[in-house]
Amino acid sequence: MSNIKVAIIMGSESDAEEMKPASEVLNELGIKNESRVISAHRTPDRLREYILDAEKNGVKVFIGGAGMAAALPGVIAAHTHLPVLGVPIESKSLKGLDSLLSIAQMPPGIPVGTLAIGSAGSKNAGLLAAAILSLSDQEIESKLKNYRKKQSDKVRKDPL
Ligand code: RP5
């Protein structure tokens, strides 16, 4: 892992499509990131090792995407003091409400910043990671401001 600032971890390969907007927006802002499939319950040892290595190698923000019981973001947060952003994956049976409540309802002491369900949350997790990095990186700050300006400029001013 070299120069990677944001580590995106998802619980299953089946989460990849919904998690893609996070890496896309980070790439657009020129922020190095890497996406991995590591499950909190199927590969717990691999998860712990990855988080500890990532911290040592200079990762600053973790994004965790998971569905159903969605323990992953909380387990990431258990292993690091760095900011962890959680993306609830839209599950089949409960449409992601299960994942949302699991990720948002962290007991006090170990926080996970919880985003919206699915690809909207994933994109916002990427943008929020960029905002966190912008606190100590002027280049990211200016790219993020420019991204926001372009977004504002696209909103129609004339009446429909
Ligand atoms: C969670 O269980 C994953 O994040 C995924 O959203 C869900 C189902 O996983 P698969 O059975 O599709 O691998 O751990």
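Note that the structure is predicted; figures quoted are calculated from it, not measured.

**Student:** How do you make sense of the nonpolar core when you look at a structure like this?
**Tutor:** For soluble globular proteins, nonpolar side chains are generally found buried alongside one another. One finds Val6, Ile8, Ile31 and Ile63 to be the most contacted residues of the largest nonpolar core, which totals 23 residues. Top element by residues in this core is helix 5 (residues 119-134). It accounts for five residues. Leave out the neighbours within four places in its chain, and valine 6 touches Leu26, Ile31, Lys32, Asn33, Glu34, Val61, Ile63, Ala129 and Leu133.

**Student:** Any chance you could explain the sheet that holds strand 2 (residues 33-37) here in plain terms?
**Tutor:** Think of a sheet as strands paired side by side through backbone hydrogen bonds, with each pair either parallel or antiparallel. Pairing is parallel across the open sheet formed by five strands, whose spatial order is 2-1-3-4-5. Pairing within the sheet leaves two strands with one partner each, and these edge strands are strand 2 and strand 5 (113-114). As judged from the five bridges shared by strand 3 (residues 61-66) and strand 4 (residues 84-88), these two strands associate in the parallel manner. The residue bridging alanine 66 from the neighbouring strand is proline 88, located in strand 4. Packed on one face of the sheet, helix 1 (residues 16-28) meets strand 1 (6-10), strand 2, strand 3 and strand 4 and runs near 175° to strand 1. In this fold helix 4 (residues 97-104) packs onto strand 3, strand 4 and strand 5, with an angle of close to 160° to the strand it touches most, strand 4.

**Student:** I would appreciate a short explanation of the pairing of strand 4 in the present structure.
**Tutor:** Where a strand is regular, its side chains alternate between the two sheet faces. A large share of strand 4 lies buried, amounting to five of its five residues. Going residue by residue along strand 4, you find Val84, Gly86 and Pro88 tucked away on one face and Leu85 and Val87 tucked away on the opposite face as well. Tracing the backbone out of strand 3, into helix 3 (residues 72-79) and back to the parallel element strand 4 gives a crossover that is right-handed. Bridge count between strand 4 and strand 5: two bridges; the pairing is parallel. Pairing of leucine 85 across the sheet is with glycine 113, part of strand 5. Handedness of the crossover joining strand 4 and strand 5 through helix 4 is recorded here as right-handed.

Calculation criteria
- Residues numbered from 1 in each chain as written.
- Predicted model: local features only at pLDDT ≥ 70, side-chain atom pairs only at ≥ 80, totals over all residues.
- Heavy atoms only, no water.
- Core = buried A, V, L, I, M, F, W, Y, C linked by side-chain atoms within 4.5 Å.
- Buried < 20%, exposed > 50% of the residue type's maximum accessible area, 1.4 Å probe, protein only.
- Helix = DSSP H or I, 4+ residues; strand = E, 2+ residues; numbered from the N terminus.
- Contact = heavy atoms within 4.5 Å.
- Pairing = 2+ DSSP bridges.
- Axes fitted to C-alpha atoms, helices over the stretch in contact; angles between N-to-C directions.
- Right-handed = clockwise from strand over helix to strand, strands pointing away.

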